[in-house]
Amino acid sequence: MSTDWNLGTASYKRFKEGWGVACGTSVGRNRRFPSHQVEALKPFTTFRKAEHLPVPQQEAMYRDLLDTTREYVELRLSDLTRRYPDERLVLLCWCDLSLPGAYCHRRWAAGWFADTYGLVVPELTDELWAAQRRAERAAKVTAVEDQPPLF
Ligand SMILES: [Zn+2]
């Protein structure tokens, strides 16, 4: 199974269309804009069932779920990557991580992707987006300068 997925995470509220392909990973769906659904990443075992437990325990339960549904995660993300080969898949849910002490299964998923596949899955923000645009522009300028003169 190829895992050359280009992934990021964000909240529905902050997501901007240019960031990539909207992929819903929340139990409650967003109906404000269309998104693909990644059922295998939805926290069905913890959402409203384990919220009374300590956070590390909730995360462990969620990771157990991903270990169980791993095959479906891989099939779905590979399918979406084939459909949108040059785009980032943005894993979305409702949680606002700007609040102090905030936690969210999308970042637990990011940790699981790092540990399981060695993938870096950033939380996308306006600042990160602007920094990436700057880096891409700089890379283009360098690439042009690297070309040998025609005459
Ligand atoms: Zn969340």
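The rules behind each value
- Residues numbered from 1 in each chain as written.
- Predicted model: local features only at pLDDT ≥ 70, side-chain atom pairs only at ≥ 80, totals over all residues.
- Helix = DSSP H or I, 4+ residues; strand = E, 2+ residues; numbered from the N terminus.
- Contact = placed C-beta atoms within 7 Å.
- Expected span 1.5 Å × (residues − 1).
- Bend = angle between axes of the 7 residues up to and from the residue.
- Buried ≥ 20, exposed ≤ 12 C-beta atoms within 10 Å, placed from the backbone.
- Pairing = 2+ DSSP bridges.
- Axes fitted to C-alpha atoms, helices over the stretch in contact; angles between N-to-C directions.
- Core = buried A, V, L, I, M, F, W, Y, C linked by C-beta atoms within 7 Å.

Visitor: Is there a simple way to think about the overall build of the chain in this case?
Guide: The number of helices and strands found in the chain is three helices and four strands. Taken from N to C terminus, the helices and strands of the chain fall in the order β-β-β-α-β-α-α. Its C-alpha atoms put the chain at 70 × 35 × 30 Å along the principal axes. A separation threshold of at least 6 residues defines the contact pool for the chain, and within that pool the share at least 24 residues apart is 65%.

Visitor: I keep staring at helix 1 (residues 55-83) and nothing clicks. Help me out?
Guide: The α-helix advances 3.6 residues per turn, and as a result positions three or four apart in sequence lie on the same side. Relative to the 42 Å expected for 29 residues at 1.5 Å per residue, helix 1 spans just 35 Å between its end C-alpha atoms, considerably shorter than the ideal helical length. Within helix 1, the axis deviates most sharply at Thr-69, by approximately 70°. All buried positions along helix 1 are accounted for by Gln-58, Tyr-62, Leu-65, Leu-66, Val-73, Leu-77 and Thr-81. Residues of helix 1 that are buried make contact with strand 4 (89-93) and helix 2 (105-117).

Visitor: Help me understand the pairing of strand 2 (residues 21-24), please; the structure alone is not making it clear to me.
Guide: Along any regular strand the residues' side chains alternate between the sheet's two faces. In this sheet, strand 4 lies alongside strand 2 in parallel orientation, the contact comprising four bridges. Bridge pairing links Val-21 to Leu-89 in strand 4. Across two bridges, strand 2 lies against strand 3 (residues 36-37) in parallel orientation. Considered in strand 3, the bridge of Cys-23 is made with His-36.

Visitor: Would you mind showing me how to read the sheet that holds strand 4 here?
Guide: Within a sheet, neighbouring strands are paired by backbone hydrogen bonds and run either parallel or antiparallel to one another. Pairing in this open sheet of four strands is parallel, and the strands run 1-4-2-3 from one edge to the other. With partners counted over all chains shown, the strands left at the sheet margins are strand 1 (7-11) and strand 3, one partner each. On top of the sheet, helix 1 reaches strand 2, strand 3 and strand 4; it is set at about 130° to strand 4, its chief contact.

Visitor: I'm lost on the environment of Glu-71 in this one. Help?
Guide: With respect to the element layout, Glu-71 can be found in helix 1. According to the C-beta neighbour criterion, Glu-71 is exposed, with 10 such atoms within 10 Å. The sequence separation of Glu-71 and Ala-40 amounts to 31 residues, and the corresponding C-alpha distance is 8.9 Å.

Visitor: Honestly, the nonpolar core in this entry has me stumped. Any pointers?
Guide: Inside soluble globular proteins, nonpolar side chains tend to come together where they are buried. Counting 25 residues, the largest nonpolar core has Cys-23, Val-90, Leu-91, Leu-92 and Ala-109 as its most contacted members. In this structure Cys-23 touches Ser-35, His-36, Val-38, Leu-80, Leu-89, Val-90, Leu-91 and Leu-92, once residues within four positions along its chain are discounted.

Visitor: Would you mind going over the environment of Leu-7 with me for this structure?
Guide: Relative to the helices and strands, Leu-7 resides in strand 1. Considered as a pair, Leu-7 and Ala-110 are 103 residues apart in the sequence and their alpha carbons are 8.7 Å apart. Setting aside chain neighbours within four positions, we find Leu-7 in contact with Arg-88, Leu-89, Leu-91, Phe-113, Leu-119 and Val-121.

Visitor: Help me out: how do you make sense of helix 3 (residues 126-146) in this one?
Guide: Here helix 3 contains 21 residues, and its C-alpha end-to-end distance of 30 Å stays within 8% of the 30 Å for a straight helix at 1.5 Å per residue. Taken across its 21 residues, helix 3 has zero buried, putting it largely on the surface.

Visitor: Whenever I open this one, the environment of Phe-113 confuses me. Can you help?
Guide: For Phe-113, the position within the fold is in helix 2. It is 9.9 Å that separates the C-alpha atoms of Phe-113 and Thr-3, two residues lying 110 residues apart in sequence. Here Phe-113 is in contact with Leu-7, Leu-119 and Val-121, once residues within four sequence places are set aside.

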